[in-house]
Amino acid sequence: MADLGETLALLDPLIAFPTVSAASNLDLIAFARTHLDRIGARVEIHPDPTGQKANLWATLGPEGDGGIVLSAHTDVVPVTGQTWVSDPFRLTRRGSRLYGRGTCDMKGFLAAALSAMAGYAGLPLTRPVHLALTHDEETGCDGAKALTAAIAARGLAPAIAIIGEPTLMGLIEAHKGGGMYRITVTGTDGHSSQPDRGVNAIHVATRLVARLLEIGDALRADAPEGSRFDPPWTTLQVGMIEGGIAFNVIPERCTVTWDLRPVRAVDTARVLGEIETFARTVLEPQMRAVAPAARIVVETLGSIEPFEARPGNRAVALLAELTGANGTDVVSYGTEAGIFQSTLGLDAVVCGPGSIGEAHRPDEFVEEAELARCCALLTRLGQHLT
């Protein structure tokens, strides 16, 4: 019911949509809607407040509760600054590998799910099957938060969600949460020959980065005993630094963007508290002694809800039955699973084709054999649904 040939045919145009998080995903959503309309699915489009992005919710089978959700995000990370052997927005085969931005994270699963929905349309389904396509997963899961809230407000209660992030088709029952943050330092500009007359925003930002790294080292040394995550501690990583206009101008502004992947909820408050204290009690007084308007602003850009399967998780049990898997695992990266579970009260599992080790990298790829395994799982799911 999920056909590998059709999956590959669908993956080609899906990769061609450059749905980086800063851009619109509407063309991809329209493509998916055309496919789903053709097979007779009941399709809803949920635009975001800007009108430039949208979520999609499609249903086959009877109305009502107890359905199974296949979930995929539509956005991908940027390719700016990466060196690719082939065009990142053109599906390229080299041997058994299929290259392109999003092949494993996570348009491969999206293509397989669209193919599966076409197969399910011809079955006498005994319970609903839903397809959820979301925007902005890579920047804080805003699409999933909005979509699940809308579905919950209608009183609809699906039973199971399969989040098709790349797991090499293993069953993932838990993952870390996450937070994305930005620190903006505003100083004063001036000529570089008189640095004491200005507040160099980059210099201040480097002290903040150094403090973040010290906090990160302390977190590494404080890994919870028995943690199953890899790495087992709360991680902190600085991803972007932007500032300055010329080598001989005191930079007035600098931003530092960083993320946190906590193994304990208290670690988030601990890190934010320590960096705020350092900014307010040490750095800002020094800055304002030179320029009273100088300041440091710490913002939360987005968050990823942690996920832990509840005891007796029906999604894990179902996929174990369908795949023959005799165990589960945990991962350090985030997904939308926690949002679906907490907002809709369903049981979630993360399982999809591809390796997270290939995600976000140049020359991202998925093995064709992984897509074949995914199609086989979704086909067995269709048999279960009848």
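This is a predicted model, so every value here is computed, not measured. (Residues numbered from 1 in each chain as written. Predicted model: local features only at pLDDT ≥ 70, side-chain atom pairs only at ≥ 80, totals over all residues. Heavy atoms only, no water.)

Visitor: Which residues make up the overall build of the protein chain, and what are the values?
Guide: Along its length, the protein chain carries nine helices and 16 strands. Here the C-alpha radius of gyration of the protein chain, 23 Å, is about what a compact globule of 386 residues would show, namely 21 Å. Overall, the protein chain is about 75 × 45 × 40 Å in size when its C-alpha atoms are taken along their principal axes. Expressed as a percentage of the 386 residues in the protein chain, the buried residues total 51%. (Helix = DSSP H or I, 4+ residues; strand = E, 2+ residues; numbered from the N terminus. Rg over C-alpha atoms; globule rule 2.2 N^0.38 Å. Buried < 20%, exposed > 50% of the residue type's maximum accessible area, 1.4 Å probe, protein only.)

Visitor: Describe in detail unusual backbone geometry, supporting the description with residues and values.
Guide: Looking along the chain, the bond that leaves D105 and enters M106 is cis, with omega of -10°. With respect to the helices and strands, M106 occurs in helix α3 (residues 103-120). For the bond running from D230 to P231, omega is 0°, close enough to zero to count as cis. Among the secondary structure elements, P231 is positioned in the loop between α5 (201-220) and β10 (235-243). Phi is positive for M169, which is not a glycine, with a value near 65°. One can find M169 in the loop between β7 (160-163) and β8 (172-175).

Visitor: Tell me about the sheet that holds strand β9 (residues 178-186), residues and numbers included.
Guide: Pairing in this open sheet of four strands is antiparallel, and the strands run β10-β11-β9-β12 from one edge to the other. The open sheet is flanked by β10 and β12 (295-304), the only strands paired with a single partner. Here the strands of the sheet are splayed against their neighbours by 20° on average, with no regard to which way each runs. Taken together, the eight bridges between β10 and strand β11 (residues 253-261) define a ladder with antiparallel strand orientation. Looking at the pairing, E242 lines up with T255 of β11. Here α5 sits on the sheet in contact with β9, β10, β11 and β12, set at roughly 10° to β11. (Pairing = 2+ DSSP bridges. Axes fitted to C-alpha atoms, helices over the stretch in contact; angles between N-to-C directions. Contact = heavy atoms within 4.5 Å.)

Visitor: Kindly report on the layout of surface pockets, identifying the contributing residues and their values.
Guide: For the largest pocket, the calculated volume is near 1000 Å³. Every residue lining the largest pocket is counted, 24 residues in all, and those nearest its centre are V77, E138, D259, R261 and H360. Only β10, β11 and β12 provide two or more residues apiece to the lining of the largest pocket. Top contributing element to the lining of the largest pocket by residue count: β11, with four residues. Considering the residues around the second largest pocket, the lining is formed by 22 residues, among which H175, K176, F229, V263 and P306 are closest to the centre. For the lining of the second largest pocket, the secondary structure elements donating two or more residues are β8, α6 (265-288) and β13 (307-308). Residue contributions to the lining of the second largest pocket peak at three residues, all from β8. (1 Å grid on protein atoms, 1.4 Å probe; cavity = no way out; pocket = protein on both sides within 12 Å on 5 of 7 lines; lining within 4 Å. Points joined across faces, edges and corners; volume = space filled by probe spheres on them.)

Visitor: Tell me what's going on with the pairing of strand β6 (residues 129-134), and back it up with residues and numbers.
Guide: For β6, the buried fraction is high: six of the six residues fall into the buried class. Where burial is concerned, the two faces of β6 agree: the one with V129, L131 and L133 and the one with H130, A132 and T134 are both buried. Note that strand β2 (residues 54-60) and β6 share five bridges and pair antiparallel. For A58, the partnering residue across the bridge sits in β6 and is L131. Pairing analysis gives six bridges linking strand β3 (residues 68-73) to β6, with the strands arranged parallel. Paired with L70 across the strands is L131, a residue of β6.

Visitor: Which residues make up the packing of aromatic side chains, and what values go with them?
Guide: Inspection of every chain in the model, using the stated rule, returns three aromatic pairs. Plain terms: the ring middles of F17 and F31 are 5.8 Å apart, the flat faces sit at 55° to each other, and that makes the pair tilted. In this pair, F17 is assigned in the loop between α1 (4-16) and α2 (26-38) and F31 in helix α2, connecting sequence segments 14 residues apart. F17 gets classed as buried once you look at its relative accessible area, which sits at 18%. In this structure F31 comes out as partly exposed when scored by relative accessible area, which is 25%. Seen from the ring of Y99, R94 lies directly overhead, with NZ or CZ sitting 3.7 Å from the centre. (Phe/Tyr/Trp six-rings, centres within 6.5 Å; stacked < 30°, edge-to-face > 60°. Lys NZ or Arg CZ within 6 Å of the ring centre and 35° of its normal.)

Visitor: Quick rundown of the pattern of salt bridges? Include the residues and the values.
Guide: Scanning the model with the defined rule gives 23 salt bridges in all. D363 is the partner of R94 in a salt bridge, and the nearest nitrogen-oxygen pair spans 4.0 Å. Here R94, found in strand β4 (residues 92-94), pairs with D363, found in the loop between β15 (347-350) and β16 (365-367); they are 269 residues apart in sequence, far enough to count as distant. Given a relative accessible area of 16%, D363 falls into the buried group. Notably, a salt bridge pairs E284 with R288, separated by 3.6 Å at the nearest N-O pair. Of this pair, E284 and R288 both sit in helix α6, four residues apart, roughly one helical turn. The exposure class assigned to E284 is buried, which follows from its relative accessible area of 6%. On the basis of relative accessibility, which here comes to 38%, the residue R288 falls in the partly exposed class. Here the salt bridges share partners, and the residues they tie into one network are R211, E214, D222, R264, D267, R270 and E274. (Salt bridge = Lys/Arg side-chain N within 4 Å of Asp/Glu carboxyl O.)

Functional significance is not addressed by these values, which are geometric in nature.
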